Amino acid sequence: MGSPGGNILDILPAACMALDEQGRVRWTNRPWRALFTVGSNSGDHSGLATWFPEEASVDATLRQVAGSEGVVRLRARRSNGVPFTMAIMAAVDGESADIICVGREIAGGDLLSESQRYLDVAFEMAPLGMALFDTEGRYVRVNDALCGLLDRAPAELLGRRDQEFTHPDDRQSDVDAAWRILNGELDTWQTEKRFVTGRGEVVWAIANLAFVRDSEGRPLSWLGQFQDITERKHREEVLGHLAVHDELTSVANRRGLIQELAARLAHARRYDEPGAVLVLDLDGFKQVNDRDGHQAGDAVLVRTARALGERLRVTDFIARLGGDEFAVILPHVSAEAAKTVAEDLLRVICDLESSDLGASCGVVLYDGASADVDAILADADRAMYKAKAQGGNCVWVTGAR
């Protein structure tokens, strides 16, 4: 399998090899054999199958490269089993029709250069927003996905700090995390944060940040990945709203009322402020449903919720407990004021519909000593039934719980 013309081709510095039309190795020169042979195995290791065991159809690949006068990278293996990578140029010999191949090993520096090229492509083509920051948090490199997320051209970002585009409410958490990373407490950090786009819209992203240090631990740069989760956050907001709101009337539901009342009681304990909870049940609603149908009954509930809300203060809270029962939280109010509001709400309901529709209202007071949400709601419910037992369309007040 020596080279034609004796040792003439052996003096060439390039590794050369020829294949005949059947894909058989016609000859190789000494630099080619030296790439593959190690020690005493030098005479035994020859042929495409042993040189390139991990590659399929090497012959066809080299013929294709020869036809295009290009270069191909192939995974090769030395006689001792050590793998390496070759770059091979190929061309067709016009006289013999042999495929003449000239190859070289891709050395470490070449591999690093190749790796850097692939990393550059991965950075630019990544579907996630990618950014490289200096130690001061200024953008020094951005990809198209990040520009699309922020709706800003690269020139608008480069040289400017990430904080300039972060939603004001999320800036402090970024600063706190940056200090922890600079102090060596963290090397990476993940968070959900908001950005303000070039159109002034707010978008949500999962931010993954890594702090790159040199061998001495000194800071070099930040590398950031940003995944757009705006649609997911919107779905969560909708689901969160539905979880605590009544679908028919759009006011809070029982779960929302319980959450709000727990927060109001905590506030009352801290500041020793009195308040009241009202439970209203519509009188005559069943007759409306029976006479006019459930669709008409639903319309009555919607109008009732709207009318009650218009009478209440901004700081008050209204909920529909289910059926034709509503609840109201009145913060920072006395027993006398709570009763006055309750009576006003009954008049609102009477004025809203025909004379055969009214309401019964139970009122329970709470103060800084109150702690049990369930007990307060149960007391308000019992007070409502006492008002209903009085003939309806009246208010029953119970002392602080």
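Residue numbers here run from 1 along each chain, matching the order of that chain's written sequence. Given that this is a predicted model, residues contribute local features only at a pLDDT of at least 70 and side-chain atom pairs are listed and counted only at 80 or more, while totals for whole chains, interfaces and linings are drawn from all residues. No hydrogens and no water enter the side-chain calculation; it runs on all heavy atoms of the structure.

J.: Got a minute to help me understand the sheet that holds strand β1 (residues 15-19) in this structure?
T.: Backbone hydrogen bonds are what pair the strands of a sheet, in a parallel or an antiparallel way. Pairing in this open sheet of five strands is antiparallel, and the strands run β2-β1-β5-β4-β3 from one edge to the other. At either margin of the open sheet sits one strand with a lone partner, and together these are β2 (25-28) and β3 (71-77). In this sheet, adjacent strand axes meet at a mean angle of 30° when their direction is disregarded. Pairing between β1 and strand β5 (residues 99-105): five bridges, direction antiparallel. Bridge pairing in β5 links Ala15 to Gly103. Two strands pair if DSSP finds at least two bridges between them. Strands are runs of DSSP state E lasting at least 2 residues, helices are runs of H or I lasting at least 4, and numbering of each runs from the N terminus. Simply put, an axis is a line fit to the C-alpha atoms, just over the touching stretch for a helix, and the angle between two N-to-C directions goes from 0 to 180 degrees.

J.: Help me understand the pattern of salt bridges in this model?
T.: Close approach of charged atoms allows side chains with opposite charge to pair. Whenever a carboxyl oxygen of Asp or Glu lies within 4 Å of a side-chain nitrogen of Lys or Arg, that contact is scored as a salt bridge. This structure, assessed with the given rule, holds 30 salt bridges. Taking the shortest distance from any N to any O, the salt bridge between Glu201 and Arg199 comes out at 3.2 Å. For Glu201, a relative accessible area of 40% gives the class partly exposed. Relative accessibility decides the category of a residue: with a 1.4 Å probe and only protein chains considered, values under 20% of the type maximum give buried, values over 50% give exposed, and everything between is partly exposed.

J.: What is the right way to look at a nonpolar patch on the surface in this model?
T.: Surface patches are defined over residues having more than 30% relative accessible area and no salt bridge, joining like charges when they lie within 9 Å and nonpolar side chains (Val, Leu, Ile, Met, Phe, Trp, Tyr) when within 5 Å. What sets the accessible areas is the Shrake-Rupley method with a 1.4 Å probe; for residues, cover comes only from the shown protein chains. On the surface, a nonpolar cluster with roughly 220 Å² of combined accessible area is contributed by Val212, Leu220 and Leu223. Structurally, the position occupied by Val212 is in strand β9 (residues 202-213). On the basis of relative accessible area, Val212 is assigned to the partly exposed category, the value being 33%.

J.: Got a minute to help me understand the state of the cysteines in this structure?
T.: Here, two cysteine sulfur atoms that lie within 2.5 Å of each other are counted as a disulfide. According to the stated counting rule, one finds zero disulfides in the structure shown. Cys350 carries a free sulfur, and the closest cysteine sulfur to it, the one in Cys394, is 11 Å from it.

J.: Sorry if this is basic, but what is going on with helix α12 (residues 335-352) here?
T.: One turn of an α-helix holds 3.6 residues; hence residues three or four places apart share an orientation. Any helix carries an expected span of 1.5 Å times its number of residues minus one. Its 18 residues give α12 an end-to-end C-alpha distance of 26 Å, which sits within 8% of 26 Å, the value for a rise of 1.5 Å per residue. What makes two residues a contact is simply this: any of their non-hydrogen atoms within 4.5 Å. Buried residues in α12 make contact with β11 (275-283), α11 (294-311), β13 (325-331), β14 (358-366) and β15 (395-398).

J.: Explain the layout of surface pockets to me, please; I cannot follow it from the model alone.
T.: Which parts of space are left empty comes out when a probe the size of a water molecule is rolled across the atoms. A 1.4 Å probe that fits but cannot get out identifies a cavity on a 1 Å grid over protein atoms alone, an open set with protein on both sides within 12 Å along at least five of seven lines counts as a pocket, and a residue lines either if it has an atom within 4 Å of a point. Grid points are joined across faces, edges and corners, and a volume is the space filled by probe spheres set on the points. The volume enclosed by the largest pocket comes to roughly 440 Å³. Lining the largest pocket are 19 residues, with Gly137, Gln163, Asp174, Ala178 and Trp222 sitting closest to its centre. Going through the elements one at a time, α7 (171-182), β8 (188-196), β9 and β10 (219-228) are the ones with two or more residues in the lining of the largest pocket. With six residues, the single largest contributor to the lining of the largest pocket is α7. Looking at the lining of the largest pocket residue by residue, the class counts come to eleven nonpolar, three polar and five charged. Gly counts as polar in this scheme, as do all residues outside two lists: the nonpolar Ala, Val, Leu, Ile, Met, Phe, Trp, Tyr, Cys and Pro, and the charged Asp, Glu, Lys and Arg.

J.: Sorry if this is basic, but what is going on with the environment of Trp51 here?
T.: With respect to the helices, strands and loops of the structure, Trp51 is situated in helix α2 (residues 48-51). As for Trp51 and Val373, which are separated by 322 residues in sequence, their C-alpha atoms are 79 Å apart.

J.: Help me out: how do you make sense of the confidence of the model for the chain in this one?
T.: Detailed conclusions should not be drawn from predicted coordinates in areas where pLDDT is low. The predictor's confidence in any single residue is recorded as pLDDT, a number from 0 to 100. For the chain, the average pLDDT comes to 87, and 92% of its residues sit at 70 or higher. Within the model, the stretch residues 40-44 combines pLDDT values under 50 with two contacts to residues more than four positions away or in other chains.

J.: Explain the pairing of β8 here, please?
T.: Side chains on a regular strand alternate between the two faces of the sheet. Direction of pairing for β8 relative to β9: antiparallel, over a ladder of nine bridges. Residue Gln190 lies in a different strand from β9, and its bridge partner there is Asn208. Linking β8 back to β9 in an antiparallel pair, the connection comprises five residues, with Gly200 at a positive phi of about 85°.

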